[in-house]
Amino acid sequence: QVQLVESGGGLVQAGGSLRLSCAASGSIFSINSKGWYRQAAGKQRELVAGITSGGVTNYAESVKGRFTIARDNAKNTVTLQMNDLKPEDTAVYYCHADGREGGTLRYLEFWGQGTLVTVSS
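Residues numbered from 1 in each chain as written. Predicted model: local features only at pLDDT ≥ 70, side-chain atom pairs only at ≥ 80, totals over all residues. Heavy atoms only, no water.

## Here we look at the packing of aromatic side chains
Here comes step 1: Under the counting rule described, the total for this entry stands at 1 aromatic pair.
Here comes step 2: Its end group placed over the ring of Trp 111, Arg 45 keeps NZ or CZ at 4.8 Å from the ring centre. (Phe/Tyr/Trp six-rings, centres within 6.5 Å; stacked < 30°, edge-to-face > 60°. Lys NZ or Arg CZ within 6 Å of the ring centre and 35° of its normal.)

Dropping the structure here:
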């Protein structure tokens, strides 16, 4: 079973920074794209940042210039550096990946359980 585990969430004041990390573990054959989604209270889940296996990134317009996504393919990790945080960034952040599970080679989507980011004003 492939699992994604997020870490790095917490409480921070507006203007502060946090770095989220997501580690994939389990029987992994390959991972294609990885990304971060977030879901604020009462809102739909939205894509925050994504990165392809080749390192091409994309960001939600609201976080461009403030957030940076990166991945270490050898370690199967992805990070989200969040700078100049704003109260509207408050949400549960979820790591996402898609790829093939080892053994069966099933192509699956993987989700972490989420980590809470709270930005106070």
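## Description of the environment of Tyr 93
Here comes step 1: By secondary structure assignment, the location of Tyr 93 is in strand E9 (residues 91–101).
Here comes step 2: By relative accessible area, which is 0% here, Tyr 93 ends up buried.
Here comes step 3: For the pair Tyr 93 and Met 82, spaced 11 residues apart in sequence, the C-alpha separation works out to 12 Å.
Here comes step 4: When residues no more than four places from it in sequence are discounted, the contact partners of Tyr 93 are Glu 6, Leu 20, Trp 36, Tyr 37, Arg 38, Val 48, Phe 67, Leu 80, Met 82, Gly 114, Thr 115 and Val 117.
Here comes step 5: Polar side-chain contacts of Tyr 93 include one of 2.6 Å to the backbone oxygen of Asp 89. (Helix = DSSP H or I, 4+ residues; strand = E, 2+ residues; numbered from the N terminus. Buried < 20%, exposed > 50% of the residue type's maximum accessible area, 1.4 Å probe, protein only. Contact = heavy atoms within 4.5 Å. Polar contact = N/O pair within 3.5 Å; in protein donor to acceptor, adjacent residues only side chain to side chain.)

## So, the pairing of strand E7 (residues 67–72)
Here comes step 1: Because side chains alternate across E7, one face comprises the buried residues Phe 67, Ile 69 and Arg 71, and the other comprises Thr 68, Ala 70 and Asp 72, none of which is buried.
Here comes step 2: Pairing analysis gives 6 bridges linking E7 to strand E8 (residues 77–82), with the strands arranged antiparallel. Across the sheet, residue Phe 67 finds its bridge partner in E8, namely Met 82.
Here comes step 3: The hairpin turn running from E7 into E8, its antiparallel successor, is 4 residues long, and Asn 76 in that turn takes a positive phi close to 55°. (Pairing = 2+ DSSP bridges.)

## Overview of the environment of Thr 115
Here comes step 1: Tracing the backbone through its elements, the reader meets Thr 115 in strand E11 (residues 115–120).
Here comes step 2: Sequence-wise, Thr 115 and Tyr 93 are 22 residues apart; in three dimensions their C-alpha atoms are separated by 5.3 Å.
Here comes step 3: In this structure Thr 115 touches Glu 6, Gly 8, Gly 9, Leu 20, Ala 91, Val 92 and Tyr 93, once residues within four positions along its chain are discounted.
Here comes step 4: Within the structure, the side chain of Thr 115 is placed 3.2 Å from the backbone nitrogen of Gly 9, a separation counted as a polar contact.

## Brief notes about unusual backbone geometry
Here comes step 1: You will see that Asp 84, though not glycine, has its phi angle at about 50°, which is positive.
Here comes step 2: Asp 84 sits in the partly exposed class, given a relative accessible area of 38%.
Here comes step 3: Positive phi values are uncommon outside glycine, yet Leu 105 reaches one of about 60°.
Here comes step 4: Along the chain, Leu 105 falls in the loop between E9 and strand E10 (107–111).

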